[in-house]
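# Examination of the molecular architecture
Listed below, chain by chain, are the residues.
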Amino acid sequence: MYVCLCKGVSDKAIRQAVEEGARSWREVREQTGCGTQCGKCACVGKTITRDAIARE
Ligand code: FES
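Residues numbered from 1 in each chain as written. Predicted model: local features only at pLDDT ≥ 70, side-chain atom pairs only at ≥ 80, totals over all residues. Heavy atoms only, no water.

### Description of the pattern of salt bridges
Taken as a whole, this structure holds 4 salt bridges when the rule is applied. The closest approach of N and O atoms between Glu-30 and Arg-26, which form a salt bridge, is 3.0 Å. With Glu-30 and Arg-26 both in helix α2 (residues 25-32) and 4 residues apart, the pair spans about one turn of that helix. A relative accessible area of 52% means that Arg-26 is categorised as exposed. (Salt bridge = Lys/Arg side-chain N within 4 Å of Asp/Glu carboxyl O. Helix = DSSP H or I, 4+ residues; strand = E, 2+ residues; numbered from the N terminus. Buried < 20%, exposed > 50% of the residue type's maximum accessible area, 1.4 Å probe, protein only.)

As structure tokens, then:
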């Protein structure tokens with residue numbers, strides 16, 4: 001599922017960024033570009049990031 005339409009970032013890509021070492025929403029943003037354009041996806045992106053980190 002696409003989380004970020006502006007940058008074409010899927011929930012999988014967010015989870016992968018966490019697997020590869022991202023430890024915060026800021027780091028996920030930097031690695032994937034999610035939330036860096038219109039910002040509408042930030043809330044969902046943050047939630048998925050938190051969930052992915054909690055599962056690590
Ligand atoms: Fe993610 Fe616009 S949908 S920045």
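Read on, since the account is not over.
### Some points on the nonpolar core
If you look at the biggest cluster of nonpolar residues, it comprises 14 residues, and the most contacted ones within it are Val-3, Ile-14, Val-28 and Cys-34. Those elements giving two or more residues to this core turn out to be β1 (2-4), α1 (11-19), α2 and α3 (42-55). Setting aside residues no more than four positions away along its own chain, Ile-14 makes contact with Val-3, Val-9, Val-28, Cys-34, Gly-45, Ile-48 and Thr-49. (Core = buried A, V, L, I, M, F, W, Y, C linked by side-chain atoms within 4.5 Å. Contact = heavy atoms within 4.5 Å.)

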